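What the coordinates show
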Amino acid sequence: MESMTTKLKCKFRTGFSQDLSDKLTETYQFVNFITITHCYYYFSWLSRCHWYVEPYNTGNSAWVYNDKIMSKTDRYRQSTWLEFMYRRLELARDLLTSDGVILVSINDENRSNLDLLMSQVMPGRRVGSMVWRTKDTGNDNTARLSQVHEHILVYANSGFTFAGRPVDKTKYANRDSDPLGEWAPQPLTKAHSYIERPNTYYPIQNPETGYWYPCDPDRVWAYASEKEIRERCDNESEVQAALNGLRSDTIEGLISKKLIYFPDCNDSEVMQFDSKDALLDALDKGTGPISPKKKTPLLRADLPDLDFWVGKPIAPGRPSRKDHWNAKPEEARRAPLSSWIAGQNETVGDEEDIEHVRSTRGGVANDEIKALFGNKVFQHAKPVTLIKSLLSQASKEEDVVLDFFAGSGTTAQAVMELNLEDGGSRRFILCSNTEATSKEPDKNLCRDICAERVRRFMTGTRHHDALGGSFAYLTLDLIEEADLELDATPEHAQALLSMRDTEQLHLPSGASDTHILPVGGDAHVTILVCRKMDEAVIRQLKEWPAKRVIVYSGRPQTLSDALPYDSHIESRALSDVFDYVKPTTSTAEAC
């Protein structure tokens, strides 16, 4: 059952730091759900960026996350998979910081189900989805539709934004000696027709030249007109109510503030029709006013108020809104991130206005695994470029990245490489299980592939320079709640308390005569765990150099009885450490 209480059993690889005071970077080997639960209780202050490659719910009997095999013909297979994911995502949600984000990779077949599930877990926090082309070659799918892409679902708390990239300032110039300085033209229209938004379908006049500009009937102005509002309202109170309800200036207000740019034109380019027949004749011949870019007519015979344009000088070009560089802080001027994950050398048409995540195709990841281990020891890995590019957009330099379907450890490599590139100090927590099966009972993916990959990139290989750093490799054991008194040890308590209360991880010295295990602290407050409690230990505790000493032991009352009423020592039961993890009830199989 997944509802069992957990204890921690620490195992470290030789040559790696055991005191992680500045880098709490870890790889966990254990049942996936229990590991996340452990993180929930002991790292609830940590993670801002979560990256997950979800099990893709193939229905194969080798699906190692559940002992109850799901058949492809099982009508309730989706329900089983969704429950499997729901409990993990619910914990992941609660681990997020206020500006945290969850990025989930999923195939096309299960995207819709997972998207609905994510919306239930994080209602109102859907940012969107990204599309990654995984291969250049086709596959043998039905109906001659080749599935060559996967999705990255993005859900985040309200404080999150992607990094984007700085806007190109070369687009900003002072074309008209504007006293407000450099500016760039921005569209003055929005994607609605004159039928959908009749109140913003009106002509605009340049007050300095007297030239008029027709509204595009298929893309009306983005700003309301006070003149139009007054014509549509019955009295002044209605006018004022309408004006007060606007979220921005009227077009008249923008023009009076000189925030509208009217392009220069020659008098010979200005059109003027002396009669409606002349105007209709020009429209019929296609020689009337047109949109400069789309080359579509701005006036048509079926449009209302054609009589208005008789005798009016109609200028070419389109007015635009001035976006002054100094109107926003430079940090706020960042190009948004595209939902299309572009290839490494792919040319995309909107590169000037939108930033793109770039990645190699999925097959490159297999080559990366083979180059590192000599053969393809892991299936369906994600390329480092994909995760590194996403993290460069979704994480900050001091963030902790949590991946609880760690697979081959690509996330760790991506974090280390990204830190090397931008000087960051990101940390990672990877969670995985052994993926052992009845056919491969000795298989240990977490130890032999995931953690080994981390070790090799930290220390370097023949083909890769050392990325540096250190990490802890830990395993989790299950203990029934009823057995805690017998099986939980001071060493377990020391490990749990150090991670929970000090953001460090201390290992016991191993010496049997060391009865006091330090957890952490300073001259003001210190946390200790005692293996035994006798007169010699109590004397040591009384002399401990700290103003406040918190002691966990198996005999808390013995220590309390030996202390004066106003002692600076607080005696607590060892069992209190493990009670911090509250067991839950569930009927689901262990996954």
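None of the values given here were measured: they were computed from a predicted structure.

Focus: the overall build of the protein chain
On a plain count of helices and strands, the protein chain comes out with 16 helices and 22 strands. In the protein chain, the share of contacts with a sequence separation of at least 24, taken over all contacts with a separation of at least 6, comes to 67%. Working note: accessible area of the protein chain is about 29,600 Å², and carbon and sulfur atoms make up 48% of it.

Some thoughts on the sheet that holds strand β8 (residues 183–186)
Read across the open sheet, the 3 strands follow the order β8-β12-β11; overall the sheet is antiparallel. The sheet terminates laterally at β8 and β11 (260–261), the two strands that pair on one side only. The pairing of β11 with strand β12 (residues 320–324) spans 2 bridges and is antiparallel. For Ile 260, the partnering residue across the bridge sits in β12 and is Arg 321.

Observations regarding the packing of aromatic side chains
Inspection of the entire model under this criterion finds 9 aromatic pairs. Centre to centre, the rings of Phe 160 and Phe 162 are 4.9 Å apart; their planes meet at 80°, and the pair counts as edge-to-face. Judged by relative accessible area, which is 9%, Phe 160 ranks as buried. A residue is classified by how much of its surface remains accessible, and Phe 162, at 21% relative accessible area, is partly exposed. Members of the aromatic cluster, connected to one another through ring pairs, are Trp 212, Phe 308 and Trp 309. Lying over the aromatic face of Trp 183, Arg 175 brings its terminal NZ or CZ to 4.8 Å of the ring centre. Across from the ring centre of Phe 308, 4.3 Å away, lies the NZ or CZ of Lys 312, which sits over that ring.

Looking at helix α8 (residues 363–373)
Listing the buried residues of α8 in full gives Ala 365, Asn 366, Ile 369, Leu 372 and Phe 373. For α8, the angular spread of buried residues about the axis comes to 130°, placing them on one side. Tucked inside the fold, the buried residues of α8 contact α11 (445–459). Among the residues trailing α8, Gly 374 stands out with phi positive, at a value near 90°.

Re the packing of helix α9 (residues 384–394) against helix α10 (residues 410–422)
It is at 9 Å that the axes of α9 and α10 come closest, and there the two elements cross at 55°. Classified by the angle between their axes, α9 and α10 sit oblique to one another. In the packing of α9 onto α10, the handedness of the crossing is right-handed. Where α9 approaches α10, its residues Val 384, Ile 387, Lys 388, Leu 391 and Ser 392 are matched on the opposing element by Thr 410, Thr 411, Gln 413, Ala 414, Val 415, Glu 417, Leu 418 and Glu 421. Considering only residue class, the contact of α9 with α10 consists of 6 nonpolar, 4 polar and 3 charged.

Here's the deal with the environment of Pro 545
By the secondary structure assignment, Pro 545 is in the loop between α14 (535–542) and β21 (548–553). Among the residues examined, Pro 545 registers a relative accessible area of 63% and is labelled exposed. Note: C-alpha distance between Pro 545 and Ala 523 (22 residues apart in sequence) is 6.3 Å. The contacts of Pro 545, once residues within four sequence positions are left out, are Asp 522 and Ala 523.

Focus on the nonpolar core
Val 101, Met 130, Leu 391, Phe 428 and Val 454 are the most contacted members of the largest nonpolar core, which has 43 residues in total. At 8 residues, α11 tops the list of elements feeding residues into this core. Core analysis: the second largest hydrophobic core is formed by 23 residues, Met 85, Ile 106, Met 118 and Val 121 among them.

Description of the state of the cysteines
The term disulfide refers to a covalent linkage connecting the sulfur atoms of a pair of cysteines. Using the criterion set out here, one finds 0 disulfides in the structure. No disulfide involves Cys 446; its sulfur sits 5.2 Å from the nearest other cysteine sulfur, which is in Cys 450. Since its relative accessible area comes to 0%, Cys 446 is described here as buried.

So, the pairing of strand β22 (residues 569–573)
Judged from the 5 bridges that link them, β21 and β22 form a sheet pairing that is parallel. Considered in β22, the bridge of Tyr 552 is made with Arg 572.

Examining the pattern of salt bridges
Evaluation of the coordinates by the stated rule reveals 36 salt bridges. For Arg 93, the salt bridge goes to Glu 90, with nearest N and O atoms at 3.9 Å. Taken as a pair, Arg 93 and Glu 90 lie in helix α2 (residues 77–95) at a separation of 3 residues, close to a single helical turn. Assessed through its relative accessible area of 19%, Arg 93 is described here as buried. Between Glu 182 and Lys 169 there is a salt bridge, with its nearest N and O atoms 3.9 Å apart.

Some details on the packing of α10 against α11
Between α10 and α11, whose axes approach to 9 Å, the crossing angle comes to 20°. By the angle between their axes, α10 is roughly parallel relative to α11. Between α10 and α11 lies a crossing whose hand is right-handed. Across from Thr 410, Ala 412, Gln 413 and Met 416 in α10, the residues of α11 making contact are Arg 453, Val 454, Phe 457 and Met 458.

Description of the confidence of the model for the protein chain
With 82% of its residues at a pLDDT of 70 or more, the protein chain has an overall mean of 84. Low pLDDT (under 50) marks residues 1–24, which in the prediction has 97 contacts with non-local residues, meaning those over four places away or in another chain. Note that residues 581–591 has pLDDT below 50 and, in this model, 32 contacts with residues that lie over four places away or in other chains.

Thoughts on the sheet that holds strand β20 (residues 525–530)
Strand order in the open sheet formed by 4 strands is β19-β20-β21-β22, with mixed pairing between adjacent strands. Of all the strands in the sheet, the pair left with one neighbour each is β19 (516–521) and β22. On average, each strand axis in the sheet is tilted by 20° relative to the strand beside it, whichever way the strands run. Contacts between helix α13 (residues 490–502) and the sheet are confined to β19, β20 and β21, with β19 contributing the most and set at about 5° to the helix.

Quick look at the environment of Glu 503
By the element assignment, Glu 503 lies in the loop between α13 and β19. The class for Glu 503 is partly exposed, based on a relative accessible area of 37%. Along the sequence, Glu 503 and Gly 520 sit 17 residues apart, while their C-alpha atoms lie 9.3 Å from each other.

So, α13
In this model, α13 (13 residues) spans 17 Å end to end at C-alpha, consistent with the 18 Å of a helix rising 1.5 Å per residue. Of all 13 residues that make up α13, 11 are buried, and the element is covered over most of its length. Of the residues making up α13, those classed as buried are Pro 490, His 492, Ala 493, Gln 494, Ala 495, Leu 496, Leu 497, Ser 498, Met 499, Arg 500 and Thr 502. Once α13 finishes, Glu 503 follows within two positions and takes phi at roughly 60°, a positive value.

Conventions we followed
All chains use their own residue numbering, which begins from 1 and follows the written sequence. Owing to the predicted nature of the model, reporting of local features is limited to residues with pLDDT of at least 70; listing and counting of side-chain atom pairs is limited to 80 or more, with chain, interface and lining totals taken over all residues. Here the side-chain values reflect all heavy atoms present in the structure, with hydrogen atoms and water set aside. Put simply, DSSP marks the helices as runs of H or I at least four residues long and the strands as runs of E at least two long, and each gets a number from the N terminus on. Contacts between residues were defined by any pair of non-hydrogen atoms, one from each residue, lying within 4.5 Å. Working definition of accessibility: Shrake-Rupley area with a 1.4 Å probe, residue cover restricted to the visible protein chains. The rule for pairing is simple: two strands pair if DSSP sees at least two bridges between them. Pairing of aromatic side chains here covers Phe, Tyr and the six-membered ring of Trp, requires ring centres within 6.5 Å, and sorts the geometry by plane angle: under 30 degrees stacked, over 60 edge-to-face, intermediate tilted. Under the scheme applied here, a residue whose accessible area is under 20% of the maximum for its type counts as buried, over 50% as exposed, and between as partly exposed, the area being computed with a 1.4 Å probe on protein chains only. Any Lys NZ or Arg CZ that is within 6 Å of a ring centre and within 35 degrees of that ring's normal is treated as a charge sitting over the ring. The directions from the helix axis to the C-beta atoms form the arc being described. Every axis in this analysis is a line fitted to C-alpha atoms, fitted for helices over the stretch in contact. Angles between the N-to-C directions lie between 0 and 180 degrees. Roughly parallel means an angle under 35 degrees; roughly antiparallel means over 145; roughly perpendicular covers 65 to 115; every other angle is labelled oblique. Take the far helix as the reference: if the near one is turned anticlockwise from it by less than a right angle, the crossing is left-handed, and if turned clockwise, right-handed. The classification used treats Ala, Val, Leu, Ile, Met, Phe, Trp, Tyr, Cys and Pro as nonpolar, Asp, Glu, Lys and Arg as charged, and all other residues, Gly among them, as polar. Remark: nonpolar core denotes a set of buried residues (Ala, Val, Leu, Ile, Met, Phe, Trp, Tyr, Cys) joined through side-chain atoms within 4.5 Å. Here, a disulfide means two cysteine sulfur atoms that sit within 2.5 Å of each other. Salt bridge, as applied in this entry: a Lys or Arg side-chain nitrogen positioned within 4 Å of an Asp or Glu carboxyl oxygen. What pLDDT conveys is the predictor's confidence in a given residue, as a value from 0 to 100. One less than the number of residues in a helix, times 1.5 Å, gives the span that helix is expected to have.

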